[in-house]
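Residues per chain, in single letters:
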Amino acid sequence: MISIKNLTFYYSGNDKSALRDINLEIQDGEFVLLTGPSGGGKSSLCRCLNGLIPHFYGGKITGKVEVNGLNVMKHSTKELATMVGMVFQDPENQLVTVDVDRELAFGLENLAFAKEVIAKRVEEALDTVGIASLRHRATSELSGGEKQRVAIASVLALYPDILVLDEPTSELDPKGAEDVLNVVERLNDELGITVILVEHRLDRVVAHSDRVIVLENGMITADGGPRSILSDGRVSQSGVGIPPIIKLAQAVKSRGMSLRVKRSNLIDDTPLTVKEGRIALAKTLRHSKPCASRHSEFFSPVIASETKQSHLKPLIEVKNLWHVYPDDFVAVKGINLKVCPGEFVAIMGRNASGKTTLVKHFNGLLKPTRGDVTVGGINAKEATVAELCRKVGYVFQNPNDHLFCDTVEEELAFTLNNLGVKGGEAEPLINQTLERFGLTQYRYQYPRFLSGGEKQRVALASILVAQPQIIILDEPTRGMEYRLKAELMKFLDEYRRECRAVILVTQDVEMVAEFSDRVVLLSEGKIVVDGPKREVLSQALLFSPQINRLAQALKSYGVPGDILTADEMIEALA
Amino acid sequence: MVSYKYSDKGTVIHRLNPWCKLAWIACVCILALLFDSPVYLLLLSLSTLPVILAARVWKEWLSVMKFAFFLCLLIIVINALVSNQGSNVLYQFPFAIPIAGAPRITLEGILWGVGNSLRLLAIISAFTVLMFAIHPDDLMLAMVKAKLPYKSVMVTSLSTKFVPALIDDAQRIADGKKSRGLELDRGGRIQRVKSYASIAIPLLSNSLDRAVQVAEAMESRAFGSGQKRTFYKELKISKGDITILAFVFSSIAFGVFLRCSGQGGFQYYPVVEAVSLTASEWTMLFVLLLLVNTMPILALLKRKASLD
């Protein structure tokens, strides 16, 4: 059991409290979802549970944290290791040995368990997490999802009662995230391990949780069962990403229709899973009169991509592109693609399907092994990256890789300077861009000390100050909270309307469903599908958004099968 | 592209007890330092090849050797320019430097460089086995067994583990910079240093973040709990391993004996010696090289025996 009383914490050298007046009790075996905007104190709270705060991270702390009756202030992280297992965000930075089985043994070795005990527990942990087949593999060869499961197994070997996972899926692809979450759920179900999970994307895990806690500005602003918390209007305003199904349910309810999730529940309730949503909506639809906009097969007429493209000169033209890496890995196999001004293209696909390799050709970071890439009339094979960057902006996933100047202003000036725009000419461009991104107040600040969302904006501004016609973003929303994602997407949508093109490499289906208009699906270096998002996403299994799965199941009630978002569904039902 | 990372190729060499491999590396190094004769050093360098081939690390070996050859070339050129001993003058510079005298290039100077390059090649070649055919965790265990402090060994092992991550980081950051119009290899020397410095700052900053994260994760798994650490896997030395160790040590002993009995010496200065070995010297040398190569042979036999 965890009991926190009046906990307040300041990191050393910081006058803003990271945690303020936290009072919390978590019972054994609970599955707690911890969410809220970034910088809200989620990680700090996790660190308090195994004594990383205050033993590893110094600072000013008042109040009391007790784990299984032990006062965390008086017992070190090492002593707490057998009670609280911590799994961190980045799978790379928590594995310390070369082999999987030794990784699992690491904690036990530190605690001086006998060899026989270690052998037994390593075996158990491998089986519990279902990674026995990986035991002799090198950790460096594993995929992100596998690494994260190894990390879970390695803390599990210490027999903790409590498992704390700090955004364990934010660096993973959907498949890897699914594998990790399955394991976590099973540990809670079958072994009764208390789970405290920090997550931004709630749609997948919310149905399994007993309790949702929202942290904002270091304070608990909401705490309760998932159905009541997520249908609370204040929570959605705080920037927590409310799953589309719940949004839909809210809208349906506000129209005076009642939703029944289960037969026994006679009162209105909020569905948490696609299945619950399906049952509830089917019942509602059965009892209500059919209306005009229903009974059509398509939500909106599909515009053939060819007719839309024909009258505009493409910005990017890829002809039979092949790329072979020096280690003979063929990443891209004969791709043909055209991107026109005003398009918002999402490039999707599994990890290592060639997405990044493909887009790196658009600004010359990679050169074609065979085939041609033409960007804004320039042959990308012969042009340097510097020449192409006037036309193409490329934003990398991690803003930390972008930023190195002393002030935000210099960050922008750096790009312009490289392009030969200096002094007086650069000034208005910089002012304009800072204004546009709401960064004027941070103009003279050190960019790396800004918050995650602000850093992302600086990185974007430092690219867009050059006003490229094409902007490429490589997984920009991975691990980003909902509000920031939505802001970024809205901005990109505006940007492409100025007759420019936006190319988004992503695995985030919900975002694509809402904002892009064309989806290119890659697999093993080849284009599998290329078409309007409605066509591609409504005919997919794994790559379909939550609401579409619902729409597919409700076709017999006259709901168009190509609905992708909650807003569209509401429109169709109205 | 060769990744400078250990990967378990499952060969007899990879499977062999790390102590045997460490002893063998030590043996090659000692012999390389013991002998002066270029013939001995050349053959010693070549005699590391069977182990490299048996461990199937020739690709890695080749890329390391490319670098080593460059290093050797540097040694030869510098020694030829700096050393003005030797009597076969090939070129006399037309000027004199105070104190050092008139520089000249001599045959002896060049040959000395060549001879010592061979010595270096033998040592580097042996060390590729350490890098690519000894499991880093096993190496760590061996170091701890050798009474080196565990924490220091762990830190060393960790730092090598994160080198590939660092290289990836640098590549990504450089790509980011290039995408913002920075031309890394353009401009004067000062400009280029500045350009590369712009990579160093985020790289350093990312590495510090990484260090804190790794430390946090280790702390959470009770690293340095104060108790005496136990080890899940231990280095078991089998009878076969002892046999191999015995052969390796005997080759060192035999080498020392040969050297003491006057074999394998060589004189570069003032006049380079002619290379001439008597029939018995050749025989002895081949016996020595055979002894050095008992390790891969016995390892193979041991694997065969364990399979039967």
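Residues numbered from 1 in each chain as written. Chains lettered and ligands numbered in written order. Predicted model: local features only at pLDDT ≥ 70, side-chain atom pairs only at ≥ 80, totals over all residues. Heavy atoms only, no water.

Trainee: What exactly am I supposed to notice about the overall build of chain B here?
Mentor: Looking only at helices and strands, chain B features 13 helices and two strands. Taken against the 2.2 N^0.38 rule, which gives 19 Å for 308 residues, the C-alpha radius of gyration of chain B at 24 Å runs more than 25% over that of a compact globule. For chain B, the spread of C-alpha atoms along the three principal axes comes to 65 × 65 × 35 Å. Burial statistics for chain B: of 308 residues in total, 46% are counted as buried. Relative to all contacts within chain B whose residues are 6 or more apart in sequence, the contacts with residues 24 or more apart total 77%. For chain B, the exposed area adds up to about 15900 Å²; of that, 70% sits on carbon and sulfur atoms. Averaging the positions of the 32 positive and the 19 negative side-chain charges in chain B gives two centres separated by 2 Å. (Helix = DSSP H or I, 4+ residues; strand = E, 2+ residues; numbered from the N terminus. Rg over C-alpha atoms; globule rule 2.2 N^0.38 Å. Buried < 20%, exposed > 50% of the residue type's maximum accessible area, 1.4 Å probe, protein only. Contact = heavy atoms within 4.5 Å. Areas by Shrake-Rupley, 256 points an atom, 1.4 Å probe, with all protein chains shown as cover. Lys, Arg positive; Asp, Glu negative; His and termini not counted. Charge placed at Lys NZ, Arg CZ, Asp CG, Glu CD.)

Trainee: Before we go on, may I ask you to explain the domain arrangement of chain A in this structure?
Mentor: Where interface size is given, it is often the accessible area lost as the parts come together that is meant. Residue and element names in this part refer to chain A. Each domain of chain A was delimited in the assignment, giving domain 1 (2–237), domain 2 (244–289 + 549–573) and domain 3 (305–545). Distance from the C-alpha centre of domain 2 to the C-alpha centre of domain 3: 36 Å. Listed by partner, the interface residues are 10 residues for domain 2 and 12 residues for domain 3. In total, domain 2 and domain 3 occlude about 880 Å² of area from one another, counting both sides; carbon and sulfur atoms represent 47% of this. Across the domain 2-domain 3 interface, the total number found is six residue pairs in polar contact (both at pLDDT 80 or more). (Domains from an automatic or database assignment. Buried area = accessible area lost by both parts, 1.4 Å probe. Polar contact = N/O pair within 3.5 Å; in protein donor to acceptor, adjacent residues only side chain to side chain.)

Trainee: Any chance you could explain the pattern of salt bridges here in plain terms?
Mentor: Once their charged atoms are close, side chains differing in charge can pair, the charge on each being opposite to the other. Taken as a whole, this structure holds 45 salt bridges over all chains when the rule is applied. E92(A) serves as the salt-bridge partner of K147(A), at 2.9 Å between the closest nitrogen and oxygen. On the criterion of sequence distance, the pair formed by K147(A) in helix α6 (residues 144–156) and E92(A) in the loop between β6 (84–87) and α4 (100–110) is long-range, its members being 55 residues apart. For R436(A), the salt bridge goes to E498(A), with nearest N and O atoms at 2.9 Å. Placement of R436(A) in helix α16 (residues 423–436) and of E498(A) in the loop between α18 (482–497) and β18 (501–505) is noted, with a sequence separation of 62 residues between them. The partly exposed category is assigned to R436(A), whose relative accessible area is 38%. The network of salt bridges with shared partners includes D99(A), R102(A), D137(B) and D138(B). (Salt bridge = Lys/Arg side-chain N within 4 Å of Asp/Glu carboxyl O.)

Trainee: Quick question: what am I supposed to make of the sheet that holds strand β4 (residues 59–67) of chain A here?
Mentor: Paired through backbone hydrogen bonds, the strands of a sheet run either parallel or antiparallel to each other. All names here are of chain A. Reading across from one edge, β2-β1-β4-β5 is the order of the four strands in this open sheet, with antiparallel pairing throughout. Only two strands of the sheet have a single neighbouring strand rather than two, namely β2 (19–26) and β5 (70–71). Relative to β4, strand β1 (residues 2–11) runs antiparallel, the two being bridged by eight bridges. When the sheet's bridge partners are listed, I2 is paired in β4 with V67. Relative to β1, helix α1 (residues 42–49) is tilted by about 120°, and along the sheet it contacts β1, β2 and β4. (Pairing = 2+ DSSP bridges. Axes fitted to C-alpha atoms, helices over the stretch in contact; angles between N-to-C directions.)

Trainee: Would you mind showing me how to read the packing of aromatic side chains here?
Mentor: Any pair of aromatic rings gets described here by the distance separating the centres and the angle formed by the planes. All names here are of chain A. Evaluation of the coordinates by the stated rule reveals 17 aromatic pairs over all chains. Taken together, a centroid distance of 4.7 Å and an interplanar angle of 50° make the contact between F437 and F491 tilted. Here F437 is found in the loop between α16 and α17 (452–464), whereas its partner F491 is found in helix α18, with 54 residues between them in sequence. Neither residue differs from the other here; F437 and F491 are each classed as buried. (Phe/Tyr/Trp six-rings, centres within 6.5 Å; stacked < 30°, edge-to-face > 60°.)

Trainee: Sorry if this is basic, but what is going on with the interface of chain A and chain B here?
Mentor: Contacts between chain A and chain B engage 64 residues on the former and 53 residues on the latter. When the area that chain A buries against chain B is broken down by residue, the three leading residues are N93(A), R102(A) and D401(A), summing to 14%. Measuring nitrogen to oxygen at the nearest pair gives 2.4 Å for the salt bridge that ties E103(A) to R221(B). Applying the counting rule to chain A against chain B returns 30 residue pairs in polar contact (both at pLDDT 80 or more). Within the residue set of the side of chain A that touches chain B, elements represented by two or more residues are α3 (77–80), α4, α5 (115–129), α6, α14 (385–388), α15 (408–418) and α17 of chain A. Top element by residues in the side of chain A that touches chain B is α4(A). It accounts for nine residues. Across the side of chain A that touches chain B, the residue classes break down as 31 nonpolar, 17 polar and 16 charged. (Nonpolar A, V, L, I, M, F, W, Y, C, P; charged D, E, K, R; others polar.)

Trainee: Would you mind going over the environment of A426(A) with me for this structure?
Mentor: Residues and elements named next belong to chain A. Turning to its location among the elements, A426 is positioned in helix α16. By relative accessible area, which is 6% here, A426 ends up buried. With 39 residues separating them along the chain, A426 and V465 place their C-alpha atoms 9.2 Å apart. Excluding residues within four positions of it along the chain, A426 makes contact with L416 and V421.

Trainee: I would appreciate a short explanation of the nonpolar core in the present structure.
Mentor: Grouped burial of nonpolar side chains is what soluble globular proteins tend to show. In terms of nonpolar packing, the biggest core is built from 68 residues, with W24(B), Y150(B), M154(B) and M218(B) touching the most fellow members. If one sorts the elements of this core by residue count, helix α2 (residues 18–34) of chain B sits on top with 10 residues. Filtering out sequence-adjacent residues up to four positions away, W24(B) remains in contact with T48(B), V51(B), A126(B), V129(B), V248(B), V292(B) and M295(B). Membership of the second largest hydrophobic core comes to 53 residues, among which are L134(A), A177(A), L181(A) and A222(A). (Core = buried A, V, L, I, M, F, W, Y, C linked by side-chain atoms within 4.5 Å.)

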